[in-house]
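Survey of secondary and tertiary structure
Given next are the chains, with one letter for each unit.
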Amino acid sequence: MVTRTRFDTDSCPVARSVDAIGDWWSLLIVRDAFDGSRRYGEFQRSLGIAKNILAARLRALVEAGVMDAVPASDGSAHREYVLTEKGRDLFPVIVALRQWGEAHCFDLGEPHSRLLDRHQGRPLRPLEIRTDDGRPITPDETVVEKLEDAAP
């Protein structure tokens, strides 16, 4: 059996983030949670994912603190899966992937979805990375600093 490479002790925040999320199914589950899915069956119908894979991914997202399994809001015996604060903090990641996909993964005129402001009904502005003083910044203008000591 092939064992999964783990990055949970890696010094790179990107590697640890990928380790915490797991795979594309997990990101799609998180996307669906932002879109309002809460129940196992809703995720399964939306994604068409095999039930054993969905169960494993939901369990991993709960263990990672990205989602909580809570009693169903209608009082039934079902469980619902809700994003934690840690999970809700993935919103910019999902929006960035969505906007990148809109720009680079569809032919001109090809149907797709878009994310709208619920109150104004308008598309969101493209995400931008900015410095702490508000200046837009490109990858060529950044450098990774290795921190040896996490103490302030």
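To keep things clear, this report deals only with the structure shown in the data block. (Residues numbered from 1 in each chain as written. Predicted model: local features only at pLDDT ≥ 70, side-chain atom pairs only at ≥ 80, totals over all residues. Heavy atoms only, no water.)

So, on to the overall build of the chain. Counting secondary structure elements, the chain contains six helices and two strands. Along the chain, from the amino end to the carboxyl end, the secondary structure elements read α-α-α-α-β-β-α-α. Counting only C-alpha atoms, the chain reaches 50 × 45 × 35 Å along its principal axes. The proportion of buried residues among the 152 residues of the chain is 22%. (Helix = DSSP H or I, 4+ residues; strand = E, 2+ residues; numbered from the N terminus. Buried < 20%, exposed > 50% of the residue type's maximum accessible area, 1.4 Å probe, protein only.)

Turning our attention to helix α4 (residues 51-63). The α-helix advances 3.6 residues per turn, and as a result positions three or four apart in sequence lie on the same side. In this model, α4 (13 residues) spans 18 Å end to end at C-alpha, consistent with the 18 Å of a helix rising 1.5 Å per residue. Along α4, the positions that sit buried rather than exposed are L54, L58 and L61. The buried residues of α4 occupy one face: seen down the axis, they fall within an arc of 65°. Along α4, exposed side chains directed more than 90 degrees from the buried face belong to N52 and E63. Summarising the contacts, the buried residues of α4 are in contact with α1 (13-21), α2 (24-34), α3 (40-47), β1 (67-71) and β2 (79-83). Of the residues flanking the end of α4, it is G65, one or two places downstream, whose phi is positive at about 80°. (Expected span 1.5 Å × (residues − 1). Arc of directions from axis to C-beta. Contact = heavy atoms within 4.5 Å.)

As a further point, take the nonpolar core. Formed by 16 residues in total, the largest nonpolar core has its most connected members in I29, V30, F43, L58, V66 and M67. Elements that contribute at least two residues to this core include exactly α2, α3, α4 and β2. The residues contacting F43, other than those within four sequence positions of it, are I29, D32, A33, S37, R38, G48, I49, L54, L58, M67 and Y81. (Core = buried A, V, L, I, M, F, W, Y, C linked by side-chain atoms within 4.5 Å.)

Moving on to the pattern of salt bridges. Under the counting rule described, the total for this entry stands at seven salt bridges. With its nearest N and O atoms 2.7 Å apart, the salt bridge here joins D74 to R39. Here R39 lies in the loop between α2 and α3 and D74 lies in the loop between β1 and β2, a separation of 35 residues in the sequence. The residue R130 makes a salt bridge to E128 at a minimum N-O spacing of 2.4 Å. You can call R130 partly exposed: its relative accessible area is 41%. By relative accessible area, which is 44% here, E128 ends up partly exposed. In this structure, a network of salt bridges that share partners links the residues R38, R39, D74 and E80. (Salt bridge = Lys/Arg side-chain N within 4 Å of Asp/Glu carboxyl O.)

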